[in-house]
Amino acid sequence: MTKLVDYRTFFVYYDDTLYDENRAIEKLKKYNHIESISPFSSYLIPMTANDYIADDKNSSFFLLGAQGNPIDVYKGKNLSSYKSDEKVMICADKFYPYQDETAYDTSKEDVRDLTNRIGEMLPLSFINSKKVEYFKLIGVYNAELNKTNGNLCYTNFDVVSNLNLYYQSDFYNQKEARFPIIMVVDTLNNINDTLVEIKKDGFYTNGAVLSINSEIGNEIINIIGAITTLICILTISIVIFISFRDYRDRKKNFGILKSMGFKNKEISMIYYYQTSYQLILSTILSIILNLIYMLIFKKLFISKYLIFNGMNFELSIFSIIISTIIIFVISLSITFITNISMNSKPIINMIKE
């Protein structure tokens with residue numbers, strides 16, 4: 001998800017006593033680790049999806065300027081395969097022209113599946129304009145996976161700029177207006193160094209278009225880590241308590257087995273297998289319930305309220321291995337202790353207890 005170009009895209013402002021827009025753009029292009037520099041007019045333009053126009057529906061969406069590979073395309077091609085002035089675009093596979101608070105609800109009837117329309121020329125229009133602009137759909141991306149809305153399509157910077165200067169020339173040609181410059185850094189790792197460098201020459205920014213809130217994320221991770229540790233301690237304590245209580249309640253049965261000729265080692269192995277079986281079933285059930293909890297927590301809390309898109313919930317193989325080792329260590333420890341207890345008590349005492 002962090003491959004999304006918005007995490008590397010910045011609105012850069014400049015000191016107008018040192019630069020005009022053209023000089024600022026030329027200066028920024030000289031820095032290392034900057035993938036592209038474009039005027040503000042190349043950032044986005046609202047368009048109408050003519051195929052989806054209806055009297056009772058808003059069929060508008062945003063055409064975003066980009067370059068190269070702005071988002072992971074799982075079917076079709078990316079912008080890097082075409083010239084900068086070609087009218088091509090990448091859209092969400094589950095395309096929904098107008099989004100509200102149900103941005104991620106891909107089950108809605110109005111959602112259109114564009115996966116089978118790759119290669120087609122789609123008719124678009126600027127808002128309230130009768131002129132039709134034909135764009136070739138070259139690829140699709142998964143909006144839900146990238147945590148973006150289904151009403152965002154990507155095309156080249158030059159295409160967006162040309163459209164804005166044609167349809168909104170009065171706005172972008174204002175002499176007194178001062179617009180920021182669109183800067184895209186090549187990788188997330190180079191963002192901090194790049195921002196420090198450009199600041200020395202009179203440039204500044206308010207942050208990326210989309211940012212990963214690491215402070216909130218770290219707090220959440222710490223809280224979840226503390227809760228997980230506490231749950232692990234309580235779980236192990238409860239398992240040990242229940243196991244020993246179970247052994248105490250079954251002493252009479254073990255005494256009868258000993259009187260029938262079973263050796264302590266054989267009885268301990270029976271108890272070991274029973275304990276391990278119970279622990280394995282408990283672990284499998286806890287993993288299933290934990291996955292359900294994480295999915296609910298992520299959908300209802302993280303994605304909607306904290307907007308911390310950098311946090312991924314997943315089932316770790318390492319955690320499963322550690323849990324398995326803990327299960328067998330606990331089972332062996334309990335078996336060892338019960339074996340010592342059976343050796344230290346006569347059969348008659350075990351039957352009486």
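Refer to the structure printed above.
Residues numbered from 1 in each chain as written. Predicted model: local features only at pLDDT ≥ 70, side-chain atom pairs only at ≥ 80, totals over all residues. Heavy atoms only, no water.

Colleague: Hey, could you run me through the environment of Ile-326 in this one?
Modeller: Position of Ile-326 among the secondary structure elements: in helix α8 (residues 317-343). The spatial distance from the C-alpha of Ile-326 to the C-alpha of Ile-236 is 9.0 Å, given a sequence separation of 90 residues. (Helix = DSSP H or I, 4+ residues; strand = E, 2+ residues; numbered from the N terminus.)

Colleague: Could you clarify how one ought to interpret helix α4 (residues 191-199) in this entry?
Modeller: If you check which residues of α4 are buried, you get Ile-191, Thr-194 and Ile-198. Seen end-on, α4 carries its buried residues on one side only, within an arc spanning 65 degrees. Projecting away from the buried face of α4 at angles above 90 degrees are the exposed residues Asn-192, Asp-193 and Lys-199. (Buried < 20%, exposed > 50% of the residue type's maximum accessible area, 1.4 Å probe, protein only. Arc of directions from axis to C-beta.)

Colleague: Any chance you could explain unusual backbone geometry here in plain terms?
Modeller: Glycine aside, the phi torsion of most residues is negative, and most peptide linkages are trans. Unlike most non-glycine residues, His-33 shows phi in positive territory, near 70 degrees. Within the secondary structure, His-33 is located in the loop between α1 (21-28) and β2 (34-38).

Colleague: What is the right way to look at the pairing of strand β9 (residues 121-126) in this model?
Modeller: Side-chain direction in a regular strand flips from residue to residue, so the side chains alternate between the two faces of the sheet. The element β9 is largely enclosed, with a buried count of five among its six residues. Both β9 and strand β10 (residues 133-141) contribute to a ladder of four bridges, which runs antiparallel. Note that in β10 the partner of Pro-123 across the bridge is Tyr-134. The loop that links β9 with its antiparallel partner β10 comprises six residues; one of these, Asn-128, has a positive phi angle of about 65 degrees. (Pairing = 2+ DSSP bridges.)

Colleague: Help me understand a nonpolar patch on the surface in this model?
Modeller: A grouping of Ile-236, Ile-240, Ile-317, Phe-318, Ile-321, Ile-322, Ile-325, Ile-326 and Val-329 is seen on the molecular surface, where their side chains present a nonpolar patch of about 780 Å² in accessible area. Secondary-structure elements contributing two or more residues to the nonpolar patch are α5 (214-249) and α8. It is α8 that provides the largest number of residues to the nonpolar patch, a total of seven residues. Within the secondary structure layout, Ile-240 lies in helix α5. (Patch = residues over 30% accessible without salt bridge, like charges linked within 9 Å, V, L, I, M, F, W, Y side chains within 5 Å. Areas by Shrake-Rupley, 256 points an atom, 1.4 Å probe, with all protein chains shown as cover. Salt bridge = Lys/Arg side-chain N within 4 Å of Asp/Glu carboxyl O.)

Colleague: For this particular structure, what's the right way to read the pattern of salt bridges?
Modeller: For side chains of opposite charge, pairing can occur when their charged atoms come near one another. Within the structure shown, the criterion is met by eight salt bridges. For Lys-29, the salt bridge identified is with Glu-26, shortest N-O distance 4.0 Å. Among the salt bridges present, the one from Lys-131 reaches Glu-133, with a minimum N-O distance of 4.0 Å. With relative accessibility at 39%, the residue Lys-131 sits in the partly exposed group. Here the salt bridges share partners, and the residues they tie into one network are Lys-87, Lys-131 and Glu-133.

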